[in-house]
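Take a look at the letters that make up each chain.
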Amino acid sequence: MSLEELAFLALALVAIATAAAALLVRELVHTILWIAIFFVDLSAIYFLLDAPFLGVLQLGVYAGAVTILLLFGIMTTRKRIFSRESATGIGPVPVALALVTFVFLVSALGELPPSTSTIATYDPTALSENLFGPNGPWLLLLGLIMLAGVAGAIYLVREGRE
Amino acid sequence: MTELALTGFLGLSAALVGIGIFGILTRRNFILLLISVEIAMNAAILNFVYFAAFPSGTHGLSGQAITVVLIGFAATEVAVGLAIVLALNRLKGTINVARATELKL
Amino acid sequence: MVLGVLIAFGEMLSPGTYTNVQITWLHLPPAPGPFPNGFSLVMGTLVDPISSLMLVVVTVVGFLVMLYSIGYMHSDRGLPRYYAEMSLFLAAMTGLVLANNLLEFFLFWELVGVCSYFLIGFYYEKPSAASAAKEAFLVTRIGDVLFLLGIFLYFSTYATAGPDGGWAANGFVFAHNSVPFLPLPGANTTTLTIAGLLILGGAAGKSAQFPLHVWLPDAMEGPTTVSALIHAATMVAAGVYLLAVASVFLGFTPTDQLAIVAVGGFTAFFAATMAVVHPDIKRVIAYSTISQLGYMVLAIGAGFAMVGLYHLFTHAFFKALLFLAAGSVIHAVGTQDLFRMGGLKKHMRLTAAAFAIGGLALAGIPPFAGFWSKDDILASVYSQLGTHPLYWPFFVLAFSAVFLTAYYIFRAWFLAFSGDGPRDPTLPAAHEGPWVMQVPLVVLSAFAVVAGLFVFVPGFQHLLVQGTVLGGIPPTYPATDLALSSISVALGLGGIGLAWTLWGNGRVFSLAETSPVQPLRRLLLNRYYFKAGYDAIGLRAVYPFARATDFVDRFVIDGTVRGLERMFGAGSDRLRSIQSGLVSDYAAYVVAGLLALFVLLLIVGPYLLGRFGGG
């Protein structure tokens, strides 16, 4: 087992563990902590895959902005930050559905060749050229959707609504 | 050069999607729902990065470009989601989605 | 409107050009059957000399009438409905003019028909308006069915013929770059004759030609602005436009031509006679519309499509003018009965002048618009009299209608405007309408004076000549037959003179009860008993049939529908319990659906493929 594979295995296990922990802990602020670790872990995987630009983006947007936003949401919606969620019963149906989905996805992996191969690396300059070149329309679409999202968000939280 | 197998990565994505779906189905707190959606979404984004790293054609770079766009989408989604959280909180005094049953006939 | 005029100017400057933009809506590949070369339906717009001429009429008159309506309809409760329906009508009419194939033409044709129905029945609380709307719809429907049958016949005839081995495969687009379809090798002349007659039937329904003319006078129940736009200038002209387009792009057989000439010539005279006695100002103008449309049909039948359209062009302006002037009068005095009006000249100078200009144009007095185009029609038809001996009687009928036209329109003018004061003293004091009603009158008056002179503009002349792209006889402009012109002008002046002697200066001419002409007058007032006859046919033959179908509808069809309704009602009661309103539940359904797709894709699909050995 190569060093890279070992590193990936560790990172993957951490990702699964933190994601599960984020959803299972009863205290919301702890959830935020776990999810922050999860995001940082994913960014490490990006670095491992030789995508440093995406890794930084993941750190900035997810581990930074999204986490803070979520924390902010918790702060504004409860009187005491450190208060526990009441326990919710976990019915058999959701667990079964999630498990079946997982099994199906993994079973579909059988179709792929299991061989290892060299990872393709890209220059961030090439990425930006691609982003403003052939994939430019997507960027425009992103801009439009962000605009619509901002407008919608402002409309939703506007004061004085019924 | 780094050598890795695609299957392992896809297995990680599958696991994360499973966790995300589990969270969406069981959690009643809106913020936890949002986090579940984010976990599932990150699994999808990861897939794009994998396929960019193991390109089968000439479009590998597009995978990374789309990832940038998708991260932007996800951020927008969280912003709108939190706006809904605030509106819900003001409307109902709680962010428990079990209380928001206006869609019921 | 500006766009329409610009397009027309473009056509004038570069004569003979045409622009066709289209998308394929449906394409069937070649296959054995009725369409061996394939079949396609396209939607597209075609701008060529013919349609640009119509476009000017539709947009300019449409704009002016909309402007006028602001004043005319201002106190009406249904104003939003009125403008919505008028806008829909204008859009449909523009689409009809720009349609580049028969099927698209038919779609818009139906759309203007239904708008006409809405607008005739605009005052739907009035039983007479509601029944007039129904009548208009049903009578034009007869024409529409004939038209549709005609389209089918053309489709099947040209399935294998036409350019590129199958007109059907190319979507029946009116083609400029091909030879005329007639005579076409492989096409059966009898079939084409029948198809042409069916098209004529459709046009007769829309343009209120004999024997489907009954609906147009009753359509005057709608607001006057509607009458001006739809039942004078544009929609009723669609039938004429259809004939023109068909004669240019499809071609008519000699038998068809004779039938068209017969219908047009007879209607021109027939409608004029009814206008002579009618006491209602709007219906007099309505009969004159039918009569003028008859002239256009006559010209097209004789092979001069563009002469017919030229008359359509001038007629649209002066007829809209007449209607709007009449509307101004009705707005002022609140009645449509000519015998209650009188002496309006003193209070409504502008309207009186506008009505007079429109009347002069209609009567064909030079230099007003109607003279040039009507004269062209008469001269053109005269030049073709040698083609068939039966052209003669219809030419004579149309020619004598000139006299009647001049008489009845000035009878209306003298009755309404001349004299000392209203014959019915209870009428309110007359006054002009607001400026939005006056401006269109002035503009249309200007058009009614100069629209005929357009023919001296080289570009416009080009437009007319280029309109006969594929077939037809290129006409000469202006008409060259001086003798014929003088006779028709003399007839027109004679008609005006007679009207003046009988009705001028507030005189009221009344026939003695014992006069031998009295039965004729009653016959005309009752419109030759056409309507009564149609009603009787409807009651005797159609009503029992309608009762029978109603029975089937109520018990068989409604019974089935109610049974289905109960079934779904019970089912949905059970289904609504799923609708818990909980986001998580909905998410669970989504995931379950996703899994079902997985199962289909990964298990059922391969199983079926393995079982049945598909690709």
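Positions within a chain are numbered from 1, following the residues in the order the chain's sequence is written. A letter from A marks each chain and a number from 1 marks each ligand, given out in the order of writing. Side-chain atom pairs in this predicted model are given and counted only at pLDDT of 80 or more, local residue features only at pLDDT of at least 70, and totals for whole chains, interfaces and linings cover all residues. The side-chain quantities take in all heavy atoms of the structure and omit both hydrogens and water.

1. Topic: the overall build of chain A
In this description a helix means any DSSP run of H or I spanning at least four residues, a strand means any run of E spanning at least two, and both kinds are numbered starting from the N terminus. Across its full length, chain A carries six helices and one strand. When the elements of chain A are put in sequence order from the N terminus, they spell out α-α-α-α-β-α-α. Three labels apply to residues, based on accessible area from a 1.4 Å probe with only protein chains included: buried if under 20% of the type maximum, exposed if over 50%, partly exposed otherwise in between. Across the 162 residues that make up chain A, the buried fraction comes to 35%. Throughout, a contact is declared for two residues whenever any of their heavy atoms are within 4.5 Å. Considering only intrachain contacts with a sequence separation of at least 6, the fraction spanning at least 24 residues in chain A is 54%. Note on areas: Shrake-Rupley with a 1.4 Å probe; residue coverage comes only from the protein chains shown. In the form shown here, chain A has an accessible surface area of approximately 9,200 Å², with 73% of it arising from carbon and sulfur atoms.

2. Focus: the overall build of chain B
Helices and strands together make up the secondary structure of chain B, namely three helices and one strand. When the helices and strands of chain B are read in sequence order from the N terminus, they spell out β-α-α-α. Split into buried and exposed, the 105 residues of chain B put 66% on the buried side. Across chain B, contacts joining residues at least 24 apart in sequence account for 63% of those joining residues at least 6 apart. A total of about 3,600 Å² of accessible surface is found on chain B, and carbon and sulfur atoms cover 64% of it.

3. Describing the nonpolar core
Ranked by size, the top nonpolar core spans 176 residues in total, and within it Trp215 and Phe355 of chain C carry the most contacts. The element that contributes the greatest number of residues to this core is helix 12 (residues 305–333) of chain C, accounting for 20 residues. If we ignore the near neighbours within four places in the chain, the residues touching Phe355 of chain C are Ile281, Ile285, Leu322, Ala325, Ala326, Ile409, Trp413 and Phe417 of chain C. We define a nonpolar core as any set of buried Ala, Val, Leu, Ile, Met, Phe, Trp, Tyr and Cys residues linked to one another through side-chain atoms lying within 4.5 Å. In this structure, Ala51 of chain A together with Leu46, Leu61 and Val85 of chain B belong to the second largest nonpolar core, which totals 67 residues.

4. Regarding the packing of aromatic side chains
Residue and element names in this part refer to chain C. Classification of ring pairs uses Phe, Tyr and Trp, with its six-membered ring standing for Trp, and accepts pairs whose centres are within 6.5 Å; under 30 degrees between planes counts as stacked, over 60 as edge-to-face, and the remaining range as tilted. Scanning the model with the defined rule gives 26 aromatic pairs over all chains in all. With a centroid separation of 5.9 Å and 25 degrees between ring planes, the pair formed by Tyr68 and Tyr72 is classed as stacked. Within this pair, Tyr68 and its partner Tyr72 are both found in helix 2 (residues 49–72), separated by four residues, close to a single helical turn. Each member of the pair, Tyr68 as well as Tyr72, is classed as buried. Following the ring pairs from residue to residue traces out a cluster consisting of Phe105, Phe106, Trp109, Phe147 and Tyr241. Above the plane of the ring of Phe122 lies Arg81, whose end atom (NZ or CZ) is 4.4 Å from the centre. If you follow Arg141 out to its NZ or CZ, it ends over the ring of Phe137, 5.0 Å from the centre. Look at NZ for Lys and CZ for Arg. If either is within 6 Å of the ring centre and within 35 degrees of the ring normal, a charge sits over the ring.

5. Considering the environment of Ser572 of chain C
Looking at the element boundaries, Ser572 of chain C is found in helix 20 (residues 530–575). The partly exposed category is assigned to Ser572 of chain C, whose relative accessible area is 37%.

6. A closer look at empty space enclosed by the protein
Residue and element names in this part refer to chain C. Cavities and pockets are defined on a 1 Å grid built over the protein atoms alone: a cavity is a set of grid points where a 1.4 Å probe fits but cannot escape, while a pocket is an open set with protein on both sides within 12 Å along at least five of seven lines, and lining residues are those with an atom within 4 Å of any such point. Grid points are joined across faces, edges and corners, and a volume is the space filled by probe spheres set on the points. Enumeration over the complete set of coordinates arrives at four cavities of 30 Å³ or more. Surrounding the largest cavity, 14 residues form its lining, Gly113, Ser116, Ala136, Phe137 and Thr140 being those nearest its centre. Broken down by secondary-structure element, the contributors of at least two residues to the lining of the largest cavity are helix 4 (102–120) and helix 5 (127–157). If one sorts the elements of the lining of the largest cavity by residue count, helix 5 sits on top with six residues. Tallied by class, the residues present in the lining of the largest cavity amount to seven nonpolar, three polar and four charged. Put simply, the second largest cavity is a space of about 50 Å³. Residue polarity is assigned by list, with Asp, Glu, Lys and Arg as charged and Ala, Val, Leu, Ile, Met, Phe, Trp, Tyr, Cys and Pro as nonpolar; anything else, Gly included, falls into the polar class.

7. So, the pattern of salt bridges
Residues and elements named next belong to chain C. By salt bridge we mean one thing: a side-chain nitrogen of Lys or Arg within 4 Å of a carboxyl oxygen of Asp or Glu. The final tally for this structure, using the stated rule, is six salt bridges over all chains. Here Glu221 ties to Lys126 by a salt bridge, and the two come within 3.3 Å at their closest N and O atoms. Of the two residues, Glu221 is situated in the loop between helix 7 (215–218) and helix 8 (224–233) and Lys126 in the loop between helix 4 and helix 5; the sequence distance between them amounts to 95 residues. Of the residues examined, Lys126 reaches a relative accessible area of 39% and is grouped as partly exposed. Close ionic contact of Glu221 with Arg283 constitutes a salt bridge, the shortest N to O distance being 3.4 Å. You can see Glu221 sitting in the loop between helix 7 and helix 8 and its partner Arg283 sitting in helix 11 (residues 281–301), a full 62 residues away along the chain. There is no split in this pair, since Glu221 and Arg283 are both buried. In this structure, a network of salt bridges that share partners links the residues Lys126, Asp218, Glu221, Asp280 and Arg283.

8. Remarks on the interface of chain A and chain B
The interface of chain A with chain B comprises 79 residues on the first partner and 71 residues on the second. The term buried area refers to how much accessible surface (probe radius 1.4 Å) is lost by two components on association, counted for both of them together. Counting the surface lost from both chain A and chain B, the interface buries some 6,700 Å², and carbon and sulfur atoms represent 78% of this. For the chain A face of the interface with chain B, the top three residues by lost area are Leu23, Tyr62 and Tyr122 of chain A, together amounting to 11%. Our count for the contact surface shared by chain A and chain B stands at zero salt bridges. Between N or O atoms, a polar contact is any pair within 3.5 Å; within protein, one atom must be a potential hydrogen donor and the other a potential acceptor, and residues adjacent in sequence are included only when both atoms are from side chains. Along the contact surface separating chain A from chain B lie three residue pairs in polar contact (both at pLDDT 80 or more). Secondary structure elements with two or more residues in the side of chain A that touches chain B: helix 1 (3–24), helix 2 (28–48), helix 3 (52–77), helix 4 (92–109), strand 1 (116–118), helix 5 (124–132) and helix 6 (136–157) of chain A. Examining the composition of the side of chain A that touches chain B, we find that 13 residues originate from one element, helix 3 of chain A, more than from any other.

9. Some thoughts on the packing of helix 2 of chain C against helix 3 (residues 79–98) of chain C
Residues and elements named next belong to chain C. For every element, the axis is a line fit to its C-alpha atoms; helices are fit only across the contacting stretch, and the angle between N-to-C directions ranges from 0 to 180 degrees. In contact at an axis separation of 9 Å, helix 2 and helix 3 are set at 170 degrees when each is read in the N-to-C sense. Between helix 2 and helix 3, the angle falls in the class roughly antiparallel. Here helix 2 contributes Ser51, Met54, Leu55, Val58, Gly62, Val65, Met66, Ser69 and Ile70 to the contact with helix 3, which in turn contributes Tyr82, Tyr83, Met86, Ser87, Leu90, Met93, Thr94, Val97 and Leu98. Tallied by class, residues from the contact of helix 2 with helix 3 come to 13 nonpolar, five polar and no charged. We call two directions roughly parallel when the angle between them is under 35 degrees, roughly antiparallel when it is over 145, roughly perpendicular when it lies between 65 and 115, and oblique otherwise.

10. With respect to the confidence of the model for chain B
All names here are of chain B. Known as pLDDT, the predictor's per-residue confidence is scaled from 0 to 100. Per-chain confidence: chain B averages 81 in pLDDT, with 86% of residues scoring 70 or above. Highest mean pLDDT in chain B belongs to helix 2 (residues 30–53) (88); lowest belongs to strand 1 (residues 3–5) (66). At the level of chain-chain contacts, confidence expressed as ipTM amounts to 0.86, with global pTM at 0.62.

11. Some details on the environment of Leu441 of chain C
All names here are of chain C. By secondary structure assignment, the location of Leu441 is in helix 16 (residues 435–450). A residue is classified by how much of its surface remains accessible, and Leu441, at 1% relative accessible area, is buried. The sequence separation of Leu441 and Thr351 amounts to 90 residues, and the corresponding C-alpha distance is 7.6 Å. Apart from residues lying up to four places away in sequence, Leu441 is in contact with Leu321, Leu324, Ala325, Ser328, Leu350, Thr351 and Ala354.

12. A look at the side chain of Gln64 of chain B
You can see Gln64 of chain B is positioned in helix 3 (residues 60–92). By relative accessible area, Gln64 of chain B is classed as buried at 5%. When neighbours within four sequence positions are excluded, Gln64 of chain B is seen to be in contact with Asp50, Ala51, Leu54, Tyr122 and Leu127 of chain A together with Ala52 of chain B.

13. Concerning the side chain of Arg411 of chain C
Residue and element names in this part refer to chain C. Along the polypeptide, Arg411 turns up in helix 15 (residues 391–417). Taking the relative accessible area as the measure of exposure, Arg411 reaches 2% and is therefore buried. Within the local environment of Arg411, its side chain forms a polar contact with the backbone oxygen of Val276, the two atoms lying 3.3 Å apart. A polar contact of 3.0 Å, which involves the side chain of Arg411, links it to the backbone oxygen of His278. Those residues in contact with Arg411, other than ones at most four positions away along the chain, are Ala275, Val276, Val277, His278, Pro279, Val284, Leu338, Phe339, Ala499 and Trp503.

14. Focus: helix 11 of chain C
Residues and elements named next belong to chain C. Taking 1.5 Å as the rise per residue, helix 11 with 21 residues should run 30 Å; its terminal C-alpha atoms sit 31 Å apart, in good agreement. Taken across its 21 residues, helix 11 has 21 buried, putting it largely inside the fold. A distance of 2.8 Å separates the backbone nitrogen of Lys282 from a side-chain oxygen at the start of helix 11, and that oxygen is part of Asp280. Of the residues one or two after helix 11, Gly303 is the one with positive phi, at around 105 degrees. Here the expected span of a helix is defined as 1.5 Å times the quantity of residues minus one.

15. Description of the packing of helix 10 (residues 254–277) of chain C against helix 11 of chain C
Residues and elements named next belong to chain C. Where helix 10 meets helix 11, the closest approach of the two axes is 7 Å, and the angle between their N-to-C directions is 160 degrees. Classified by the interaxial angle, the pair formed by helix 10 and helix 11 is roughly antiparallel. Seen along the crossing, helix 10 lies across helix 11 with a hand that is left-handed. Where helix 10 approaches helix 11, its residues Gln257, Ile260, Val261, Gly264, Gly265, Thr267, Ala268, Ala271, Ala272, Met274 and Ala275 are matched on the opposing element by Val284, Tyr287, Ile290, Ser291, Gly294, Tyr295, Val297, Leu298 and Gly301. Among the residues making up the contact of helix 10 with helix 11, the classes are represented as 13 nonpolar, seven polar and no charged. Crossings are assigned a handedness: left-handed for a near helix turned anticlockwise from the far helix by less than a right angle, right-handed for a clockwise turn.

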